Amino acid sequence: MPQKLKDVDVVVVGVGMVGSIIAKELAAAGYKVVGLERGQPRFTVPDFQGPSVHDELRFDIRKALMQDNAREAVTFRNQSSQTALPIRRWESFLPGTGLGGSHVHWNGQTYRFQENDFVLATKTRERYGADFLDADLTIQDWGVSYAELEPHYDRFEYLLGTSGKAGNLQGKIQPGGDPFESVRSRDYPTPPMKEHFQGAMFRKAATELGYHPYPQPSSNLSQPYTNPEGVKLNACVFCGFCERYACEHYAKAVPQTIILPVLLKNPNFELRTGCQVQRINLDSSKKKATGVTYIDAAGREFEQPAALVITSSFALNNVRMLLLSGIGKPYDPATGKGVVGRNYAYQTMSSVASFFDDDVIVNPFMASGASGTLINDFAGDNFDHTKLGFIGGAFVGAVNTNGRPIQYHPVPPGTATWGKDWKQAVAKHYNHTVMFSIHGSSMSQRQNYLDLDPTYKDAWGQPLLRMTFDFPRNDLAMAQYVTGKAVEIGKAMGAKQVAGNPRKGPYTTTQYQTTHNTGGTVMGTDPATSVVNKSLQSWDVPNVFIVGASNFPQNPSWNPTNTIGALTYWAVDQLKNKYLKNPGQLVSA
Amino acid sequence: MDKLSRRSFVKSVGAATLAPAALGLPALAAAAEQAVHKASTPAASSVAAEKPLYLFFNAEEVVFIEAACERLIPADATGPGALEAWVPNYLDKQLGAAWGSGERLYRSGPWQAGTPSQGYQLPFTPGELFHTALRAINADLKLQGTPFGEMTADAQDAYLKSLEKGGKDLDGVPAAVFFDMLLKMTVEGYFSDPVYGGNKDMAAWKMIGFPGAYANYYEAIDKHGVKFERAPMSLAQNGHGHVHVDPNIPASL
Ligand SMILES: Cc1cc2nc3c(=O)[nH]c(=O)nc-3n(C[C@H](O)[C@H](O)[C@H](O)COP(=O)(O)OP(=O)(O)OC[C@H]3O[C@@H](n4cnc5c(N)ncnc54)[C@H](O)[C@@H]3O)c2cc1C
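As the structure is a computational prediction, the values presented were derived from the model and not from experiment.

### With respect to the sheet that holds strand β8 (residues 214-215) of chain A
Residues and elements named next belong to chain A.
Then, in step 1: Overall, antiparallel pairing links the six strands, which are arranged β8-β16-β17-β18-β15-β21 in an open sheet. The open sheet has two edge strands with one neighbour each: β8 and β21 (497-501).
Then, in step 2: Bridge count between strand β17 (residues 394-398) and strand β18 (residues 433-440): four bridges; the pairing is antiparallel. Opposite Phe395, over in β18, you have His439 as the bridge partner.
Then, in step 3: Packing against the sheet, helix α6 (residues 197-208) makes contact with β8, β16 (373-375), β17 and β18, and its axis sits at approximately 30 degrees to β16.
Then, in step 4: Its contacts with the sheet put helix α11 (residues 473-492) on β15 (348-355), β16, β17, β18 and β21, and the angle it makes with β15 is roughly 20 degrees.

And the structure:
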């Protein structure tokens, strides 16, 4: 029998980025909040310190900070006709675990989506006609607009201290910023980071070609900063050990450096780590959550009753939590009915490598996780798709983040994979190659979805999440087109050899792309095609709010976290100013 | 590129900028580091005869592993080979410890061969996989008559290519899966920090110019095109444990 604990107002499932912010806001508003985090507690000091943090083998290759998939994996197949098998080792995406979540080891690339992204289905039909889209794409509008989210983007960026250059200040295009940017109310809190050589070469070539390069918005800060919570961050020193690592310098905006110090001081908040939430409990009506059941690190089972449950456990885990709890109707790809697990999407990454002679010295190891220069000329709907046969796009940039040599040792295509020739090519090109990232959108499609695996279980005996995913034709066509444009930029830089590597199918779990898994608990205005309403409240169980990239109906051309942050503050606003004043369903279906 | 880019970082931006103190390292620590550099570089020749102490591989396995590593990354004028860089020692230590016994590997059945996009689907831990495959390889070579260690380099390459190509079954381990793991781990051992037993004397890092765990390029990042010349630093060397404490932030719970 689980031990039943004392009632609280709010239980937060997962104390990563979203969970820390919501917990902080609700505790500050006077509610009793318990945060349940499955991983370990950890802090900049003493846990993230040198020299041990600068260990490529341990953090990049062995993935020391990631969800332990010996205990909890995800099963995968490309198509429903196949048998899903466990991803026995992470490669393609890397969900984090432990206090601060994946946010601890993110890159800090901090993009807003554009106005158009939130009304993609409507705008696509308007601009290109009703028949333009492939029939199996299931893209839809978000139900929330850019204008509604703008103040929350702003608040999140000021929490992080993001370093960047505005492109569109209150409607006025700013030189040096991104002219495609949707209106922002004020500039970034800190100026852009210093530009690395790769970025500078890209800037010059892209400008000559008539494009609009600008500095990548970075939450590895360009200068010391005190955020509105009173927490201080330092300037980034470009150590080159950023993504997949925790930062030793207080220079990367992560929960530990932006909000946990404030949250943990609040007596209304109690953090419990090592607590694996098993499910959200429902009463007999199945319309009300009574709390959650969790198992602690020593294997003891507890029931934590709560009036309100917040699920903030990362996109994939949010979906699984709902499925394990019986909240919302699971999606069935055969009928297209049901919503939980529907519209799973990802990111479509391509790359270009430009090889120079040895007089061009790039020092790839000098970098931050978000340094570099890019263009949005081929992102989103910033270019005319009429004759192209696809929607969406990608940002293209020289956004080199490291030169860690186990992973980073580019060689021209056609080079042997081992032996003397390989070795000589590695030595020849290591310091003389510029890599572009082509960070592409991912459209949701009828066949791609998440559900529970019928066979494989986690260490607690619960079914694993099952992922069925392959790249839509639309996205592969996009990757091909934008990679072609990027190759032209590499040539304009004067590289000796330029190798484009457009993403090709089938999707494989064996190569890293990004940890930008989206969808599955989509937000929207219609309960037939969404799991949560525009307030991020479950349509079915109104005292459950679900927050994360799982709310995205499809994934635009940029990294997700700034938008997750904006949605988090948006949800806080809906909770504090609406729901908690008068608990109940906020939107009538 | 202009001439400037050919000149070393030290020459063009001045030694003062490079001094560790200016890059945020305490002066004492810098002195200690220099002492370590001195101690470890020229004395290397006396250590060359040293052999790894193998804890995981048996003697027959060692013969194959040492010879195979040297073919995967051979020694030449560019830099050290995998053997000289002690990659076999790295493999031995990794396979004999947590990684070899299946750390972070989801290990429940049922087992079935998957598609390439589904990744590794065998019940073997890395340690079991190496022992199994190496036993089968050594048995196979005994039948053929020449042990791997006695073959010519060309014959060794041809044999490794036959593994890489796949098709061979090594007592349940598909040869291509073994080859892939061997190659991946060889590259790991070549380029990982020397604390893991390979990349001896950081020679692989010196070959490509990677400074290792050294990690402050604030002053250098915008000196574009200038070679950064500094002896690399291993985790073990950076032993001064500088800690960045901000008194305004509570250190821990
Ligand atoms: C290597 C890497 C680089 C990245 N770089 C970028 C980038 O540059 N830009 C960008 O926008 N995004 C980036 N991301 C993505 C970013 O990290 C995530 O979008 C962000 O952390 C999501 O926040 P979250 O709160 O939803 O999830 P998380 O921060 O992961 O927090 C979820 C928490 O829930 C906990 N949890 C899960 N299940 C349970 C359970 N059952 N019980 C209790 N606790 C549970 C987890 O342990 C975790 O702590 C990157 C991710 C990775 C891995």
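### Here we look at the sheet that holds strand β19 (residues 449-457) of chain A
Residues and elements named next belong to chain A.
Then, in step 1: Here we have four strands laid out as an open sheet, ordered β5-β4-β20-β19, and mixed in their pairing. In the strand order of this sheet, the two ends are held by β5 (85-86) and β19, each with one partner.
Then, in step 2: Here strand β4 (residues 74-77) runs beside β5; their pairing, made up of two bridges, is antiparallel. Considered in β5, the bridge of Thr75 is made with Pro86.
Then, in step 3: Against the sheet, helix α9 (residues 315-325) engages β19 and β20 (463-468), with an angle of about 120 degrees to β20.

### Some remarks on the layout of surface pockets
Residue and element names in this part refer to chain A.
Then, in step 1: The space that makes up the second largest pocket amounts to roughly 710 Å³.
Then, in step 2: In this structure, the second largest pocket is lined by 31 residues; those nearest its centre are Arg38, Gly39, Gln40, Thr97 and Gly98.
Then, in step 3: The residue makeup of the lining of the second largest pocket, split by class, is 12 nonpolar, 10 polar and nine charged.

### Digging into the interface of chain A and chain B
Then, in step 1: Contacts between chain A and chain B engage 83 residues on the former and 82 residues on the latter.
Then, in step 2: Here chain A meets chain B over a buried area of about 7,000 Å², counting both sides, of which 63% is carbon and sulfur.
Then, in step 3: The largest share of the area that chain A buries against chain B comes from A:Arg62, A:Arg88 and A:Trp418, three residues that together contribute 14% of it.
Then, in step 4: Summed over the shared surface of chain A and chain B, the number is three salt bridges.
Then, in step 5: For A:Lys423, the salt bridge identified is with B:Asp76, shortest N-O distance 3.0 Å.
Then, in step 6: Counting across the interface, chain A meets chain B through 32 residue pairs in polar contact (both at pLDDT 80 or more).
Then, in step 7: Contributing elements (two or more residues each) for the side of chain A that touches chain B: α2 (44-47), α3 (56-61), β4, β5, α6, α10 (420-429) and β19 of chain A.
Then, in step 8: Ranked by residues supplied to the side of chain A that touches chain B, first place goes to α10(A) with six residues.
Then, in step 9: Grouping the constituent residues of the side of chain A that touches chain B by class yields 44 nonpolar, 22 polar and 17 charged.

### Re the environment of A:Gln109
All names here are of chain A.
Then, in step 1: Residue placement: Gln109 occurs in the loop between β5 and α4 (120-128).
Then, in step 2: When the C-alpha positions of Gln109 and Ser219 are compared, they lie 6.4 Å apart, and in sequence the two are 110 residues distant.
Then, in step 3: Non-local contacts of Gln109, meaning those with residues more than four positions away in its chain, are made with Gln216, Pro217, Gly369, Ala370, Thr401 and Asn559.
Then, in step 4: At 2.9 Å, the side chain of Gln109 forms a polar contact with the side chain of Asn559.

### Focus: the pairing of β18(A)
Residue and element names in this part refer to chain A.
Then, in step 1: For β18, the tally of buried residues reaches seven of eight residues, placing the bulk of the element in the interior.
Then, in step 2: As defined by bridge partners, β15 adjoins β18 across eight bridges and the pair is classed as antiparallel. Following the sheet pairing, Phe355 is matched in β18 by Thr433.

### A word on the site of the ligand
All names here are of chain A.
Then, in step 1: Near the ligand you find 36 residues, and of these Glu37, Arg38, Ser102, Gln109 and Thr561 are the closest.
Then, in step 2: Contact between the ligand and Glu37: an oxygen atom at 2.6 Å from a side-chain N or O atom of the residue.
Then, in step 3: Out of a free accessible area of 1,000 Å², the ligand has 98% covered by protein chains.
Then, in step 4: Elements with a minimum of two residues in the shell around the ligand: α1 (17-28), β3 (33-37), β12 (276-282), α9 and α12 (561-577).

### Observations regarding the packing of aromatic side chains
The relation between two aromatic rings is expressed through the spacing of the ring centres and the mutual angle of the planes.
Then, in step 1: In total, this model carries 50 aromatic pairs over all chains according to the counting rule given.
Then, in step 2: A ring pair is formed by A:Phe113 and A:Trp558, whose centres lie 6.4 Å apart and whose planes are at 35 degrees; its orientation type is tilted. Here A:Phe113 is found in the loop between β5 and α4, whereas its partner A:Trp558 is found in the loop between β22 (544-546) and α12, with 445 residues between them in sequence. Across the pair, exposure class does not vary: A:Phe113 and A:Trp558 are buried alike.
Then, in step 3: Site record: aromatic cluster; members linked through ring pairs are A:Phe76, A:Trp90, A:Phe93, A:Tyr344, A:Tyr346, A:Phe469, A:Phe471 and A:Tyr507.
Then, in step 4: The ring of B:Tyr218 has A:Lys194 lying over it, and the distance from NZ or CZ to the ring centre is 4.0 Å.
Then, in step 5: Positioned over the ring face of A:Tyr512 is A:Arg244, at 4.6 Å from the centre of the ring.

### Quick notes on α6(A)
Residue and element names in this part refer to chain A.
Then, in step 1: Helix length check: α6 (12 residues) gives 17 Å between terminal C-alpha atoms against 16 Å at 1.5 Å per residue, within 8%.
Then, in step 2: Among all positions of α6, only Phe197, Gln198, Gly199, Ala200, Met201, Phe202, Ala205 and Ala206 are buried.
Then, in step 3: Elements that come into contact with the buried residues of α6 comprise β16, β17, β18 and α11.

### Notes on the confidence of the model for chain B
All names here are of chain B.
Then, in step 1: Averaged over all residues, the pLDDT of chain B is 82; the fraction at 70 or higher stands at 74%.
Then, in step 2: Of the regions scoring below 50 in pLDDT, residues 1-48 engages in 58 contacts with residues more than four places distant in sequence or in other chains.
Then, in step 3: Counted against residues more than four places away or in other chains, residues 241-253, with its pLDDT under 50, gives 30 contacts.
Then, in step 4: Reported confidences for the modelled complex are a pTM of 0.93 and an ipTM of 0.96.

The rules behind these values
- Residues numbered from 1 in each chain as written.
- Chains lettered and ligands numbered in written order.
- Predicted model: local features only at pLDDT ≥ 70, side-chain atom pairs only at ≥ 80, totals over all residues.
- Heavy atoms only, no water.
- Pairing = 2+ DSSP bridges.
- Helix = DSSP H or I, 4+ residues; strand = E, 2+ residues; numbered from the N terminus.
- Contact = heavy atoms within 4.5 Å.
- Axes fitted to C-alpha atoms, helices over the stretch in contact; angles between N-to-C directions.
- 1 Å grid on protein atoms, 1.4 Å probe; cavity = no way out; pocket = protein on both sides within 12 Å on 5 of 7 lines; lining within 4 Å.
- Points joined across faces, edges and corners; volume = space filled by probe spheres on them.
- Nonpolar A, V, L, I, M, F, W, Y, C, P; charged D, E, K, R; others polar.
- Buried area = accessible area lost by both parts, 1.4 Å probe.
- Salt bridge = Lys/Arg side-chain N within 4 Å of Asp/Glu carboxyl O.
- Polar contact = N/O pair within 3.5 Å; in protein donor to acceptor, adjacent residues only side chain to side chain.
- Buried < 20%, exposed > 50% of the residue type's maximum accessible area, 1.4 Å probe, protein only.
- Near = heavy atom within 4 Å.
- Areas by Shrake-Rupley, 256 points an atom, 1.4 Å probe, with all protein chains shown as cover.
- Phe/Tyr/Trp six-rings, centres within 6.5 Å; stacked < 30°, edge-to-face > 60°.
- Lys NZ or Arg CZ within 6 Å of the ring centre and 35° of its normal.
- Expected span 1.5 Å × (residues − 1).
- pLDDT = per-residue confidence, 0-100.

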